[in-house]
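Below are the chains, spelled out letter by letter.
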Amino acid sequence: MSMLSGFLRSLWRSQRRSGDPEADEFPVARQQIAKRAHARAPMAEHARILFDDIRVGEWRLPEIVARALADSDALVPPLKALHRPLASYLLVRYYLHALALQGARAECGVFQGTSASLLCHAARTVDAAHDGSGLHLIDSFEGLSAPGEQDRFSLPGAAGAPAQRSALPQGSLSAAEEYARRAVREFPGVAFHKGWIPQVFGALPAQQWSFVHIDVDHYQPTYDCLAYFQPRLVRGGVIVCDDFGAPLFPGAARAWTRYCGERDLAFAVLDTGQAVILNL
Ligand SMILES: C[S@@+](CC[C@H](N)C(=O)[O-])C[C@H]1O[C@@H](n2cnc3c(N)ncnc32)[C@H](O)[C@@H]1O
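Residues numbered from 1 in each chain as written. Predicted model: local features only at pLDDT ≥ 70, side-chain atom pairs only at ≥ 80, totals over all residues. Heavy atoms only, no water.

1. Considerations on the layout of surface pockets
Approximately 250 Å³ is the volume found for the second largest pocket. Contributing to the lining of the second largest pocket are 14 residues, with Ala 47, Phe 51, Pro 62, Ala 81 and Pro 85 lying nearest its centre. Among the secondary structure elements, those contributing two or more residues to the lining of the second largest pocket are helix H3 (43–51), helix H4 (61–71) and helix H5 (83–99). A breakdown of the residues in the lining of the second largest pocket according to their chemical character gives eleven nonpolar, no polar and three charged. (1 Å grid on protein atoms, 1.4 Å probe; cavity = no way out; pocket = protein on both sides within 12 Å on 5 of 7 lines; lining within 4 Å. Points joined across faces, edges and corners; volume = space filled by probe spheres on them. Helix = DSSP H or I, 4+ residues; strand = E, 2+ residues; numbered from the N terminus. Nonpolar A, V, L, I, M, F, W, Y, C, P; charged D, E, K, R; others polar.)

2. Quick notes on helix H2 (residues 27–40)
Look at H2: 21 Å from first C-alpha to last across 14 residues, which is about the 20 Å you get at 1.5 Å a residue. Elements that come into contact with the buried residues of H2 comprise H3 and strand S5 (153–156). (Expected span 1.5 Å × (residues − 1). Contact = heavy atoms within 4.5 Å.)

3. A word on the environment of Gln 112
Along the chain, Gln 112 turns up in the loop between strand S3 (104–108) and helix H6 (114–124). Separated by 68 residues in sequence, Gln 112 and Ala 180 place their C-alpha atoms 4.6 Å apart. A polar contact is formed between the side chain of Gln 112 and the backbone oxygen of Ser 72, at a distance of 2.8 Å. (Polar contact = N/O pair within 3.5 Å; in protein donor to acceptor, adjacent residues only side chain to side chain.)

4. Re the packing of H5 against H6
Where H5 meets H6, the axes come as close as 10 Å, and the angle between the chain directions of the two elements is 50°. For the element pair H5 / H6, the angle class is oblique. Crossing angle aside, the handedness with which H5 passes H6 is right-handed. On the side of H5, the interface is formed by Arg 84, Ser 88, Leu 91, Val 92, Tyr 95, Leu 96 and Leu 99, while H6 contributes Thr 114, Ser 115, Leu 118, Leu 119, Ala 122 and Ala 123. Counted by class, the contact of H5 with H6 contains nine nonpolar, three polar and one charged residues. (Axes fitted to C-alpha atoms, helices over the stretch in contact; angles between N-to-C directions. Parallel < 35°, antiparallel > 145°, perpendicular 65-115°, else oblique. Left-handed = near helix turned anticlockwise from the far one by under 90°.)

5. Describing the environment of Gln 199
The residue Gln 199 is located in the loop between strand S7 (191–194) and strand S8 (209–214) in this model. Spatially, the C-alpha atoms of Gln 199 and Asp 224 are 9.6 Å apart, while their sequence positions differ by 25 residues.

6. Observations regarding a nonpolar patch on the surface
A cluster of nonpolar residues, Phe 111, Leu 168 and Leu 173, forms a patch on the protein surface that exposes about 230 Å² of accessible area. Tracing the chain through its elements places Leu 173 in the loop between strand S6 (162–165) and helix H7 (177–183). (Patch = residues over 30% accessible without salt bridge, like charges linked within 9 Å, V, L, I, M, F, W, Y side chains within 5 Å. Areas by Shrake-Rupley, 256 points an atom, 1.4 Å probe, with all protein chains shown as cover. Salt bridge = Lys/Arg side-chain N within 4 Å of Asp/Glu carboxyl O.)

7. Observations regarding unusual backbone geometry
Here the residue pair Ile 197 and Pro 198 is connected by a cis peptide bond, since its omega of 15° sits within 30 degrees of zero. Among the secondary structure elements, Pro 198 is positioned in the loop between S7 and S8. Non-glycine residue Asp 73 carries a positive phi angle of around 55°. By the secondary structure assignment, Asp 73 is in the loop between H4 and H5. Of note, the phi angle at Phe 141 is positive, near 55°, even though the residue is not glycine. Locating Phe 141 in the fold gives a position in the loop between strand S4 (135–139) and S5.

8. Comments concerning the nonpolar core
The biggest cluster of nonpolar side chains holds 30 residues, and the ones touching the most others in it are Cys 108, Ile 138, Phe 201, Phe 229, Ile 239 and Trp 256. Elements that contribute at least two residues to this core include exactly S3, S8, helix H8 (219–229), strand S9 (233–241), helix H9 (250–263) and strand S11 (275–278). Other than its neighbours up to four places away in sequence, Ile 138 contacts Ala 106, Glu 107, Cys 108, Gly 109, Val 110, His 193, Ile 197, Val 200, Phe 201, Leu 204 and Phe 229. (Core = buried A, V, L, I, M, F, W, Y, C linked by side-chain atoms within 4.5 Å. Buried < 20%, exposed > 50% of the residue type's maximum accessible area, 1.4 Å probe, protein only.)

9. Things to note about the packing of aromatic side chains
For any pair of aromatic rings, the description rests on two quantities: the centre-to-centre distance and the angle between the ring planes. Applying the stated criterion to the full structure yields ten aromatic pairs. For the ring pair Tyr 223 and Tyr 259, a centre distance of 5.5 Å and an interplane angle of 75° mean the geometry is edge-to-face. One end of the pair, Tyr 223, is in helix H8; the other, Tyr 259, is in helix H9, with 36 residues separating them in the sequence. According to the relative accessible area criterion, Tyr 259 is buried, its value standing at 0%. (Phe/Tyr/Trp six-rings, centres within 6.5 Å; stacked < 30°, edge-to-face > 60°.)

10. So, the packing of H8 against H9
Orientation of H8 relative to H9, taken along the N-to-C sense of each, is 35°, at an axis distance of 7 Å. Of the two elements, H8 crosses H9, and the hand of that crossing is right-handed. Taking contact as the criterion, the partners of Tyr 219, Thr 222, Tyr 223, Leu 226 and Ala 227 in H8 are, on H9, Gly 251, Ala 252, Arg 254, Ala 255, Trp 256, Arg 258, Tyr 259, Glu 262 and Arg 263. Tallied by class, residues from the contact of H8 with H9 come to eight nonpolar, two polar and four charged.

11. Examining the environment of Gln 274
Residue placement: Gln 274 occurs in the loop between strand S10 (268–269) and S11. With relative accessibility at 1%, the residue Gln 274 sits in the buried group. Residues Gln 274 and Phe 141, spaced 133 residues apart in sequence, show a C-alpha to C-alpha distance of 23 Å. If we ignore the near neighbours within four places in the chain, the residues touching Gln 274 are Ala 87, Leu 90, Leu 91, Val 240, Cys 241, Asp 242, Phe 244, Ala 268 and Val 269. Here the side chain of Gln 274 touches Thr 272 through a polar contact of 2.5 Å, side chain to side chain.

Here is the structure:
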């Protein structure tokens, strides 16, 4: 038996034991396996081994991530114990790249301000006087917009046929603007834009952008963010989508692939599930 077929057999056996034989076909079921596995694995020790020596300027990666979580009063569940630091690191690398370019920076989907705080602290590692200027935070601060057909995902049904489930309802993941303002209180130059995407884009300054983080979970706002920002991206600028690989939010990848497909745009898919357009 080859190493690969041995691995696939053991994966299949572990899925049968976990009661999710169709987990490979259904990403949500696979995520449930990881959730149960992480609940009993020493995740802090895994994270220490993997990330302790990675640095963002003078910070160790676990420290800057912990600072952003503390600033925003947020917690990381065991499922995300490895994803959060790794995805944060990759996001920061693109942000530091973009800081050297002309153009403003935006985050669409701010919630309590965890990733916004992370980006601000990272920027300060290259400019001690950085006050957040040039970063625009955009959110309804009333949670997600309504899911549509494109946001539905499949789970194994009782009779073997996939059952279609809806994503989170409108208003989920709601945090008041005050939370995010508190998270970036050390960075008074950060601009806030409260409102629904895409209407809120009408309040943005007419300018070009070097960095956009799209983290709005559902299909329609993801598509609307791309439609607004991608044509306004400077040369070398980046757009990062947080949810491309998120099992519970398939609409983000559907919007992204549709938008990029319609325009024949190249993009990378990172192993964290983030997708990135680099405008060269
Ligand atoms: C997953 S959270 C963002 C998390 C944040 N980027 C972080 O890592 O800390 C998604 C956010 O998107 C916002 N959102 C979703 N759809 C929106 C829309 N159509 N217009 C404005 N905000 C929206 C929600 O209010 C929520 O705060």
